[in-house]
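Structural overview for review
Here's the letter readout for the chains.
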Amino acid sequence: MALYVNIEKKCGDFHLKVDFETDGEVFAILGASGCGKSMTLKCIAGIEKPDRGIIRLNDRVLFDSEKGINIPARKRRIGYLFQDYALFPNMTVLENILCGAKDRRIAQEYVKRFYLEGKELLYPNQLSGGQKQRVALARMLAADPDVILLDEPFSALDNYLKWQLELEIMKVLETYEKEVLLVSHDRNEVYRLTDRIAVMEQGKVVDVQEKKALFQNPKTLAATLLTGCKNISRLEKQEDGRFFALDWGIYITAKESLEKIKYVGFRAHYFETTSTIAEENVIQCKIERVIEDTFSAVVMFKHEGNSENGDRSLMRYELPKEKWEELKDKPLFLRIPQEKLILMTQ
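A short tour of the structure in this document, coming up. Here the structure is a predicted model, which is why all the values come from computation and not from measurement.

Here we take up the overall build of the protein chain. Looking only at helices and strands, the protein chain has nine helices and 21 strands in total. Expressed as lengths along the three principal axes of its C-alpha atoms, the size of the protein chain is roughly 75 × 50 × 35 Å. Across the 346 residues that make up the protein chain, the buried fraction comes to 48%. A separation threshold of at least 6 residues defines the contact pool for the protein chain, and within that pool the share at least 24 residues apart is 63%. Carbon and sulfur atoms make up 46% of the accessible area of the protein chain, which totals about 17,700 Å². Side chains of the protein chain give 52 positive and 54 negative charges; the mean places of these two sets differ by 4 Å.

Structure follows, in structure tokens:
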């Protein structure tokens with residue numbers, strides 16, 4: 001099962017240009033709000049028409065601008081879970097599911113599968129957010145689509161309900177043996193639910209990797225930010241041949257060549273404590289603020305003597321609260337292990 005998408009669409013001043021291919025997996029598009037994620041899904045589903053390009057599902061061409069092919073949305077066999085679930089307000093739970101199911105027997109199976117027994121005669125305005133999502137999922141799956149599109153499925157839910165419904169979708173995905181495409185701005189969500197991730201920035205896919213590889217080694221600044229890296233600096237080669245992290249105020253050494261590297265990143269929970277500034281990649285911390293959570297602490301700091309200002313010059317160290325209690329009354333020296341550096345060429 002493979003989905004191939006190579007399309008362009010102009011939306012006012014916004015230009016969507018995406019190119020990716022999935023292959024029998026749970027695939028995600030990760031990007032900030034307004035980057036074009038939902039528009040990509042709408043083009044795949046046939047709700048929006050691209051200006052040019054190709055959309056192909058297995059050996060079926062759904063859209064081809066050069067050949068004049070544009071299969072109507074109702075004939076594409078694509079299941080789309082909208083952010084607001086798009087239930088018919090004048091239909092009951094059972095009637096909504098029957099819109100997808102071929103007959104009442106199948107609809108009743110999905111009522112049972114999604115724990116909606118006793119709710120069959122209720123209308124959408126009588127349901128909770130979680131119940132609405134389960135009805136929408138049941139209706140979508142009852143139609144036996146060839147691909148599932150999930151558009152920010154948890155964005156309107158509180159944390160507890162979001163977790164419950166995420167577990168529900170995990171169960172669905174474990175038994176669904178066809179293509180699934182999820183879009184989200186939540187890095188943890190896509191990591192838990194998907195196999196491979198495409199990073200989207202301003203209407204373009206800038207990085208596609210298996211999820212573990214993406215989080216360990218994002219290739220671009222946009223991907224690094226979206227995967228949650230809090231410490232990022234511009235990198236500049238000095239006259240003496242060494243490389244200086246401009247925003248952090250320290251010289252950087254790495255196991256790989258830094259010749260073509262424009263930015264360096266380092267995740268906030270990877271710092272190692274040390275007792276001296278004499279080692280490589282060590283920061284003598286000037287603590288600006290400590291934010292304590294229930295079980296953890298976030299230490300905001302600069303390198304002593306760093307004259308740079310701005311968001312990147314203020315670095316972040318995250319650690320368990322009990323460890324911070326041991327360190328807080330001592331001078332703080334933090335080492336950046338070379339193998340944990342994130343190196344970006346763009």
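Scanning the model with the defined rule gives 17 salt bridges in all. Between glutamate 25 and arginine 196 there is a salt bridge, with its nearest N and O atoms 2.9 Å apart. One end of the pair, glutamate 25, is in the loop between strand S2 (14-23) and strand S3 (26-31); the other, arginine 196, is in strand S10 (residues 196-201), and 171 residues separate them in sequence. Taking the relative accessible area as the measure of exposure, glutamate 25 reaches 14% and is therefore buried. With a closest N to O distance of 2.9 Å, glutamate 259 and lysine 237 form a salt bridge. With a gap of 22 residues between them, glutamate 259 in the loop between strand S14 (250-252) and strand S15 (263-266) and lysine 237 in strand S12 (residues 231-237) connect regions that are remote in the sequence. When its relative accessible area of 44% is taken as the criterion, lysine 237 is described as partly exposed. Here the salt bridges do not stand alone but share partners, grouping Arg60, Arg77, Asp144 and Asp146 into one network.

Let's shift gears to helix H5 (residues 159-175). End to end, H5 covers 25 Å across 17 residues, agreeing with the expected 24 Å (1.5 Å per residue, within 8%). Residues Lys162, Leu165, Glu166, Glu168, Ile169, Val172 and Leu173 constitute the buried set of H5. Down the axis of H5, the buried set is contained in an arc of 165°. They therefore lie on one face. For H5, the exposed residues lying more than 90 degrees away from the buried face are Tyr160, Glu174 and Thr175.

The next point concerns the sheet that holds strand S19 (residues 315-320). The five strands lie next to each other as S16-S20-S17-S18-S19, forming an open sheet whose pairing is antiparallel. Edge strands, defined here as strands with exactly one partner in the open sheet, are strand S16 (272-274) and S19. The mean angle between the axes of side-by-side strands here comes to 50°, regardless of whether they run parallel or antiparallel. The pairing of S16 with strand S20 (residues 333-335) spans three bridges and is antiparallel. Note on S20: the bridge partner recorded for threonine 273 is leucine 334.

Parameters and conventions
Residues numbered from 1 in each chain as written. Predicted model: local features only at pLDDT ≥ 70, side-chain atom pairs only at ≥ 80, totals over all residues. Heavy atoms only, no water. Helix = DSSP H or I, 4+ residues; strand = E, 2+ residues; numbered from the N terminus. Buried < 20%, exposed > 50% of the residue type's maximum accessible area, 1.4 Å probe, protein only. Contact = heavy atoms within 4.5 Å. Areas by Shrake-Rupley, 256 points an atom, 1.4 Å probe, with all protein chains shown as cover. Lys, Arg positive; Asp, Glu negative; His and termini not counted. Charge placed at Lys NZ, Arg CZ, Asp CG, Glu CD. Salt bridge = Lys/Arg side-chain N within 4 Å of Asp/Glu carboxyl O. Expected span 1.5 Å × (residues − 1). Arc of directions from axis to C-beta. Pairing = 2+ DSSP bridges. Axes fitted to C-alpha atoms, helices over the stretch in contact; angles between N-to-C directions.

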